[in-house]
Amino acid sequence: MMIISRFTLALSLPLFVATTSAAQQPPCLPFQPGERLEYHVHVDRMGATGHGAMWVAAAESVRGIGTWALHFETRAGVGPITGTDRTASWLDPVKMASLRFVKHERHILATHDDSVEIFPDEHRWRGADGSAGDVATDAPLDELSFIYFIRTLPFTDDSATAFVRHFEAARNPESVRLVGRETIRTKAGTFETLIVEMRVQDPRHYKGDGIIRINLTDDARRLPVRIESRLPTLGGT
């Protein structure tokens, strides 16, 4: 059964709250600690609804490196039956590299946890479950930090770019393409947006390529107003 999970912006709170000195601030990033976005969640065909939030927490040190803690949480269900996803990524905003990734999924039929330490300079990663692997780049990303990364990209009509940035080699390449423009009306207001399509490799959630569509505001902030993913089960984001 194909399910569409849709996250539509419900509210944006104050966006830019400086928590590091000017010398530590990377230039021209459209997000900073203090940004928080809240979403209404809808799962087609099952009729599940819920809420979600996506935010950038205060700066934290990971192995002596200053990072921004990115968070994405959703909870949706029908009646007393609910599923939750909690994802966090610790991003070095200067190098745009992920240093740590944690994910917890709890759904009707399964629970899954990931906890990974990423060492960009050593081109390797290590999981809490004993898994490990090589990293193809010195600026690796995970599934959450990649969404923030695409907010930094310039988009032109018919643009399409493939990236080898995921810390897990089997998850590469990930492609990003601008497919159109759309006006989105939400509780937070009306937004002119760019429709960006991501094609990802994620065998646990998808058969073949996974497709995620993100509506980003057509301005300097590139706020993700809507996120849609087509999933074979409810067990993904």
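Position numbers for residues start from 1 in each chain and track the written sequence from start to end. Per-residue local features of the predicted model are confined to residues with pLDDT of at least 70, and side-chain atom pairs are confined, for both listing and counting, to 80 or more; whole-chain, interface and lining totals are unaffected and use all residues. Hydrogens and waters are ignored; side-chain quantities use all the structure's heavy atoms.

A short note on the overall build of the protein chain
Line of reasoning, step 1. Broken down by element type, the protein chain carries one helix and 14 strands.
Line of reasoning, step 2. Out of the 237 residues belonging to the protein chain, those deemed buried represent 51%.
Line of reasoning, step 3. Residue contacts follow a heavy-atom distance rule, with two residues in contact if any of their heavy atoms lie within 4.5 Å. Considering only contacts within the protein chain whose residues lie at least 6 apart along the sequence, 49% involve residues at least 24 apart.
Line of reasoning, step 4. Surface accessibility in these figures is a Shrake-Rupley result with a 1.4 Å probe; residues are shielded only by whichever protein chains are displayed. Of the roughly 11,100 Å² of accessible surface on the protein chain, 53% is carried by carbon and sulfur atoms. By definition, any uninterrupted DSSP run of H or I lasting at least four residues is a helix, any uninterrupted run of E lasting at least two residues is a strand, and each is numbered from the N terminus. Exposure is judged per residue with a 1.4 Å probe applied to protein chains only, and the accessible area is read against the type maximum: over 50% gives exposed, under 20% gives buried, and values in between give partly exposed.

Some details on the packing of aromatic side chains
Line of reasoning, step 1. In this analysis, rings of Phe, Tyr and Trp, with Trp reduced to its six-membered ring, are considered paired at centre separations within 6.5 Å, and the interplanar angle assigns stacked below 30 degrees, edge-to-face beyond 60, and tilted for intermediate values. In total, this model carries seven aromatic pairs according to the counting rule given.
Line of reasoning, step 2. Ring geometry for Phe 31 against Trp 68: centres 6.1 Å apart, planes inclined by 75°, an arrangement best described as edge-to-face. Of the two residues, Phe 31 sits in the loop between β1 (3–12) and β2 (36–43) while Trp 68 sits in strand β4 (residues 65–78), which places them 37 residues apart along the sequence.
Line of reasoning, step 3. Consider the rings of Phe 31 and Tyr 148, whose centres lie 5.0 Å apart with planes at 70°: the pair is edge-to-face. Within this pair, whereas Phe 31 is found in the loop between β1 and β2, its partner Tyr 148 is found in helix α1 (residues 143–150), the two being separated by 117 residues in sequence.
Line of reasoning, step 4. Through a chain of ring-to-ring contacts, the aromatic side chains of Phe 31, Trp 68 and Tyr 148 assemble into a single cluster.
Line of reasoning, step 5. The criterion for a charge sitting over a ring is simple: Lys NZ or Arg CZ within 6 Å of the ring centre, and within 35 degrees of the ring normal. We note Arg 100 situated over the ring of Trp 90; from NZ or CZ to the ring centre the distance is 5.8 Å.

Brief notes about the pattern of salt bridges
Line of reasoning, step 1. In the sections that follow, a salt bridge refers to a side-chain nitrogen of Lys or Arg positioned within 4 Å of a carboxyl oxygen of Asp or Glu. Enumeration according to the criterion identifies 18 salt bridges in this entry.
Line of reasoning, step 2. For the salt bridge of Arg 171 with Glu 168, the shortest nitrogen-to-oxygen distance reads 4.0 Å.
Line of reasoning, step 3. Beyond isolated ion pairs, a larger network of salt bridges with shared partners links Lys 103, Glu 105, Glu 143, Glu 168 and Arg 171.

Remarks on unusual backbone geometry
Line of reasoning, step 1. Cis rather than trans, the peptide bond between Asn 172 and Pro 173 has omega equal to -5°.
Line of reasoning, step 2. Relative to the assigned elements, Pro 173 resides in the loop between β10 (160–163) and β11 (174–186).
Line of reasoning, step 3. Unlike most non-glycine residues, Arg 63 shows phi in positive territory, near 55°.
Line of reasoning, step 4. Here Arg 63 shows up in the loop between β3 (48–62) and β4.

Side note on the nonpolar core
Line of reasoning, step 1. By nonpolar core is meant a set of buried Ala, Val, Leu, Ile, Met, Phe, Trp, Tyr and Cys residues that side-chain atoms within 4.5 Å join together. In terms of nonpolar packing, the biggest core is built from 32 residues, with Ile 150 and Val 176 touching the most fellow members.
Line of reasoning, step 2. Counting residues per element, the ones that place at least two in this core are β2, β3, β4, α1, β11, β12 (189–201) and β13 (209–217).
Line of reasoning, step 3. With near-sequence residues (within four places) excluded, Ile 150 lies in contact with Phe 155, Val 176, Val 196, Met 198, Ile 214 and Leu 216.
Line of reasoning, step 4. The next biggest cluster of nonpolar side chains, apart from the first, holds eight residues, and it includes Ala 57, Val 62, Ala 69 and Leu 99.

Digging into the environment of Arg 213
Line of reasoning, step 1. Looking at where Arg 213 falls in the secondary structure, it is placed in strand β13.
Line of reasoning, step 2. What makes Arg 213 partly exposed here is its relative accessible area of 31%.
Line of reasoning, step 3. Between the alpha carbons of Arg 213 and Ser 229 there is a distance of 6.4 Å; along the sequence they are 16 residues apart.
Line of reasoning, step 4. If we skip the residues at most four places from it in the chain, Arg 213 touches Val 179, Ile 195, Val 196, Glu 197, Arg 226, Ile 227 and Glu 228.

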